[in-house]
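Chain by chain, the residues:
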Amino acid sequence: MQMLTFATPPVDAGAEALRGEVRRFLADEMPGRTPLQRAASWSGSDPAFSRKMGERGWIGMTWPKRYGGHERSALDRYVVLEEMLAAGAPVGHHWIADRQSGPSILRHGTEAQRQQILPRIAAGACSFCIGMSEPDSGSDLAAARTRAQRVQRGWLANGTKLWTSGAHQADYMILFCRTGATEGDRHGGASQFLVDIEQARGSGLTVRPILDMRGAHHFNEVVIEDLLLPEDALLGREGDGWAQVTAELAFERSSPDRFLSAFALLTEAVRALGPAAPERAAVAVGRLVSHTLALRRLSRSVAGMLQAGKDPALQAALVKDLGNTLEQDTVETVRLLVDAEPSEEDGSPPLAAVLAHLVLTAPSFSLRGGTREILRGIIARGLGLR
Amino acid sequence: MSDPLADSAERLFAAYAGKAVVRAAEHGVFPQSLWDALIRAGFTAALLPEHAGGVGATVAEAMALLRIAAAHAAPIPLAETMLAGWLLAEAGLPVPEGALTVAPVRLRDVLTLRRAEDGWHLTGTASRVPWARDAAAIAVLAEGPDGPTVALLHPDSFTLARRDRNLAGEPRDTITVDTVLAADAAAAPFGPAQLRAAGAAVRTVQIAGALSRALSLSVQYAQIRVQFGRPIGKFQAIQHSLAVMAGQAAAALAAADMATDALAGGLDLLRVGAAKARAGEAASIAAGLAHQAHGAIGFTQEYELHFATRRLWSWRDEFGNEAEWNGVVGRAVLAAGPDGLWPLLTAA
């Protein structure tokens, strides 16, 4: 069965040397951060940290040098990503831009768009959010109703985007919306636009916070009313939005943030249990580690396939589904091994705080970036069932 | 699959390991023509270094053959012959021709080797020895006076005390030994833990093969079985079950690759253990889903799904189940501590 082909991850001595460099950087940067802060990982935004990573050349690593990139391999990039995630580094400011928006601009953007935006992303100085979901369009992205209409000097956009993580802090949003007729083709007539959020605020774009059940502000509602987008805001070709967005999702689903979201909790569990933990705990912790090792192998394989110019969208869906299951299993496993009632209140022991954080965020793991059901649908199609 | 070795293995097993052969083997008929074809192709020697009679295949190629054999439920001691040859070669002993196996394979079974006037005196009982009744020789890892020792045992020097089988009908026999061996014994380069790990590695690869077979049978069946006016594979519930199964098949393949790498270099217990445990868990989940997708037909002797699932249910327990190996992994991780955890996982 072709879909189950996962190429052997290439061995790369250079990437391993880079690993040491990243670890030394983290040893300098991370000591002041609490386990709870580490648990937030790529949900935690720290522009100063992102700029330091940019100075090291660890953002936009695979992009051409003329756009501020570093022309490193996908595996070099993978090493940086997984080291950052395992340490719980606050990489949220540049994460989306580095993972998918930048690659999208590199692939579909005009020369001017590339030159204007990519070097800023690579410097860690530019943050993106994803304008896909809407009130009536979540998993069913093709049901999006936000529309941009051609006018003189550009496009006039109207609609509402929902669950837009980080819109209140981002410099840009990539807006997915309708620009043409859709009759008979749900995937036709869509386009993507680069929206300069600072410019758009007050002239048709309003960002409203939506607090999550922890009380944290990641989500937003973005209301767009008669927002004038200039001609050069169009990303890629008019009408190609669906194909572009599908390619973008492959980037979003394959990276190690899809199985390491609960790694901070595993680390704290190992700390709390200690080497003399009962056999039951060793078996349970061992199981989580066994799963992690297998997933890391699959995930590195996907990175290698990307590097080789293949399209591992299906493999990425498999990795994300398995990875999200592991992340959620980690929470349910650890809570039964330790005597800790979860609490994020000030003064809580680190394990209780990290556990609380993950109990309350874990449900999102199998929603964001494609729900479990959507992923399994993609896999079923790969099996030839759809 | 595109490489020539794998292609020729697919053709060989398709030709010689059909359903009738698999069925007959469960009734005690050793598939001699299949075995002879494997020898002609050099597959039984695939894991041997060339100086010990190998055919110049890599460990990865040998394990690919084993995975394909398992996918065909080939009822032959290919894994055991590879394992025994590997053990003998590691110890610097000559590797005899024919079907081989290893002993002991159970944690509590010990074979003891003492010096005798005219060679070595080997005594003890080993249970669940794979294919002992069909083996031309058994490579034993015995407790010797100077530590673990490898010796070669021929059929005239042990008693087949009990003919036992695993759930798939593969021979798992008890042997008793009280014999004087000639000179062929040598200090083992490792102890019982490493032999168990090597056994776990080959079973991991076999699980990946049988699991991929269970998946492809399930997908094919879901595409042709019509209920409520359409193929059951058109129902979302079935699609999602099979998607979960595909995920487990992928995890098992990753585990097989990890086990293969470990077998090729150093036999790191953490990685072998993680691989066997992960594959065992995948086997459990996927076998259940495969039967659920098939309904009653999959439960019959006539239909072939059980050739794969009964092997999965056997192999997951052989050379250490998930609890045993996850325990080994967990102990290593807890000993490494919170700061050593990630470096341990990423060590090459």
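As the structure is a computational prediction, the values presented were derived from the model and not from experiment. (Residues numbered from 1 in each chain as written. Chains lettered and ligands numbered in written order. Predicted model: local features only at pLDDT ≥ 70, side-chain atom pairs only at ≥ 80, totals over all residues. Heavy atoms only, no water.)

Q: Even after reading the chapter, I still don't get the overall build of chain B, so can you show me in this structure?
A: Of the regular secondary structure elements, chain B holds 10 helices and 10 strands. Computed over C-alpha atoms, the radius of gyration of chain B comes to 21 Å, within 12% of the 20 Å expected from 2.2 N^0.38 for 348 residues, which places it in the range of a compact globule. By the burial criterion, 59% of the 348 residues in chain B qualify as buried. Contacts in chain B between residues at least 24 apart in sequence constitute 71% of all its contacts with a sequence separation of at least 6. Accessible surface computed for chain B: about 13400 Å², of which carbon and sulfur atoms make up 54%. Each charge class in chain B was averaged separately, 28 positive and 33 negative side chains, and the resulting centres sit 10 Å apart. (Helix = DSSP H or I, 4+ residues; strand = E, 2+ residues; numbered from the N terminus. Rg over C-alpha atoms; globule rule 2.2 N^0.38 Å. Buried < 20%, exposed > 50% of the residue type's maximum accessible area, 1.4 Å probe, protein only. Contact = heavy atoms within 4.5 Å. Areas by Shrake-Rupley, 256 points an atom, 1.4 Å probe, with all protein chains shown as cover. Lys, Arg positive; Asp, Glu negative; His and termini not counted. Charge placed at Lys NZ, Arg CZ, Asp CG, Glu CD.)

Q: I'm lost on the packing of helix α4 (residues 59-71) of chain B against helix α7 (residues 236-264) of chain B in this one. Help?
A: In a packed pair of helices, the relevant descriptors are the angle between the two axes and the axis-to-axis distance. Residues and elements named next belong to chain B. Packing of α4 against α7 brings their axes to within 9 Å, and their N-to-C directions diverge by 140°. Classified by the angle their axes make, α4 and α7 are oblique. Like other packed secondary-structure pairs, α4 and α7 cross with a definite hand, here right-handed. Every residue of α7 that contacts α4 at Val-59, Ala-60, Met-63 and Arg-67 is listed here: Leu-253, Thr-260, Leu-263 and Ala-264. Considering only residue class, the contact of α4 with α7 consists of 6 nonpolar, 1 polar and 1 charged. (Axes fitted to C-alpha atoms, helices over the stretch in contact; angles between N-to-C directions. Parallel < 35°, antiparallel > 145°, perpendicular 65-115°, else oblique. Left-handed = near helix turned anticlockwise from the far one by under 90°. Nonpolar A, V, L, I, M, F, W, Y, C, P; charged D, E, K, R; others polar.)

Q: Honestly, the packing of aromatic side chains in this entry has me stumped. Any pointers?
A: Between two aromatic rings, the relevant description is the distance of the centres plus the angle of the planes. Taken as a whole, this structure holds 13 aromatic pairs over all chains when the rule is applied. Between B:Phe30 and B:Trp131, the ring centres sit 6.5 Å apart and the planes meet at 85°, which makes this aromatic pair edge-to-face. Of the two residues, B:Phe30 sits in the loop between α2 (19-26) and α3 (32-41) while B:Trp131 sits in the loop between β3 (119-130) and β4 (137-144), which places them 101 residues apart along the sequence. Clustering of aromatic rings is evident, with ring pairs tying together A:Phe25, A:Phe49 and A:Trp58. One residue, B:Arg230, lies across the ring of B:Phe235, its end atom 4.2 Å from the ring centre. (Phe/Tyr/Trp six-rings, centres within 6.5 Å; stacked < 30°, edge-to-face > 60°. Lys NZ or Arg CZ within 6 Å of the ring centre and 35° of its normal.)

Q: Whenever I open this one, the environment of A:Val79 confuses me. Can you help?
A: Residue and element names in this part refer to chain A. By secondary structure assignment, the location of Val-79 is in helix α4 (residues 74-87). Relative accessible area serves as the criterion here: at 2%, Val-79 is assigned to the buried category. The spatial distance from the C-alpha of Val-79 to the C-alpha of Arg-19 is 6.1 Å, given a sequence separation of 60 residues. Those residues in contact with Val-79 that lie beyond four places of it in its chain are Ala-15, Glu-16 and Arg-19.

Q: Even after reading the chapter, I still don't get the pattern of salt bridges, so can you show me in this structure?
A: Opposite charge on two side chains makes pairing possible when the charged atoms of those side chains draw close. Under the defined criterion, the tally for this structure stands at 41 salt bridges over all chains. A:Asp76 serves as the salt-bridge partner of A:Arg72, at 3.0 Å between the closest nitrogen and oxygen. On the basis of relative accessible area, A:Arg72 is assigned to the partly exposed category, the value being 32%. When the shortest N-O distance is used, the salt bridge between B:Glu304 and B:Arg213 registers 2.8 Å. (Salt bridge = Lys/Arg side-chain N within 4 Å of Asp/Glu carboxyl O.)

Q: Before we go on, may I ask you to explain the packing of helix α8 (residues 269-294) of chain B against helix α9 (residues 305-315) of chain B in this structure?
A: Residue and element names in this part refer to chain B. For the pair α8 and α9, the least separation of the axes is 9 Å and the interaxial angle reads 150°. On the basis of the axis angle, α8 is roughly antiparallel to α9. The way α8 lies across α9 gives a crossing that is left-handed. In this structure, α8 uses Lys-276, Ala-283, Ala-287, Ala-290, His-291 and His-294 to contact α9, whose residues at the interface are Leu-305, Thr-309, Leu-312, Trp-313 and Trp-315.

Q: Even after reading the chapter, I still don't get the domain arrangement of chain A, so can you show me in this structure?
A: Size of an interface, as often reported, equals the accessible area lost when the parts are brought together. Residue and element names in this part refer to chain A. Under the domain assignment used here, chain A contains domain 1 (8-126), domain 2 (130-240) and domain 3 (255-382). For domain 1 and domain 3, the distance between their C-alpha centroids amounts to 21 Å. With 21 residues of domain 1 in contact, the opposing surface of domain 3 contributes 24 residues. A buried area of about 2000 Å², summed over both sides, lies between domain 1 and domain 3, and 65% of it is on carbon and sulfur atoms. (Domains from an automatic or database assignment. Buried area = accessible area lost by both parts, 1.4 Å probe.)

Q: Please clarify how the interface of chain A and chain B should be interpreted in this entry.
A: At the junction of the two partners, chain A supplies 47 residues and chain B supplies 45 residues. Together chain A and chain B conceal approximately 4000 Å² of surface at their shared face, both sides included; 70% is due to carbon and sulfur atoms. Of all residues in chain A, A:Leu293, A:Arg297 and A:Leu385 bury the most surface against chain B, accounting for 17% of the area lost on that side. Here chain A and chain B share 3 salt bridges between them. Across the salt bridge formed by B:Glu281 and A:Arg287, the nearest N and O atoms sit 2.7 Å from each other. Those elements that provide at least two residues to the side of chain A that touches chain B are α1 (13-29), α4, α9 (263-273), α10 (279-307), α11 (313-335) and α13 (372-382) of chain A. By residue number, the principal contributor to the side of chain A that touches chain B is α10(A), which donates 15 residues. Considered class by class, the residues forming the side of chain A that touches chain B number 26 nonpolar, 8 polar and 13 charged.

Q: Please clarify how the domain arrangement of chain B should be interpreted in this entry.
A: All names here are of chain B. For chain B, the assigned domains read domain 1 (4-187) and domain 2 (192-336). Every contact between the two is made by 33 residues of domain 1 and, on the other side, 33 residues of domain 2. Surface buried jointly by domain 1 and domain 2 totals about 2800 Å² across both partners, of which 65% is contributed by carbon and sulfur atoms. Linking domain 1 to domain 2 there are 5 salt bridges. A salt bridge links Arg-203 to Glu-80, with the nearest nitrogen and oxygen atoms 2.8 Å apart. At the boundary of domain 1 and domain 2, one finds 13 residue pairs in polar contact (both at pLDDT 80 or more). The set of elements that each furnish at least two residues to the side of domain 1 that touches domain 2 consists of α2, α4, α5 (78-90) and β4. With 7 residues, α4 is the largest single contributor of residues to the side of domain 1 that touches domain 2. Per-class residue counts for the side of domain 1 that touches domain 2 are 21 nonpolar, 3 polar and 9 charged. (Polar contact = N/O pair within 3.5 Å; in protein donor to acceptor, adjacent residues only side chain to side chain.)

Q: In this structure, what is going on with empty space enclosed by the protein? I would like to understand it.
A: Think of a ball as big as a water molecule: rolled over the atoms, this probe shows where empty space is left. Enumeration according to the criterion identifies 3 cavities of 30 Å³ or more in this entry. In this structure, the largest cavity occupies an estimated 80 Å³ of space. Around the largest cavity, the lining comprises 13 residues; the ones closest to its centre are B:Ala74, B:Ile76, B:Glu170, B:Gln206 and B:Trp315. Secondary structure elements with two or more residues in the lining of the largest cavity: α4, α5 and α6 (192-224) of chain B. Here the lining of the largest cavity gets 3 residues from one element, more than from any other, and that element is α4(B). Here the residues of the lining of the largest cavity are counted per class, giving 8 nonpolar, 1 polar and 4 charged. Of the domains in this structure, domain 1 (4-187) and domain 2 (192-336) of chain B are the two that each give at least three residues to the lining of the largest cavity. Reported here for the second largest cavity is a volume of approximately 70 Å³. At the level of secondary structure, the elements contributing two or more residues to the lining of the second largest cavity comprise α9, α10 and α11 of chain A. (1 Å grid on protein atoms, 1.4 Å probe; cavity = no way out; pocket = protein on both sides within 12 Å on 5 of 7 lines; lining within 4 Å. Points joined across faces, edges and corners; volume = space filled by probe spheres on them.)

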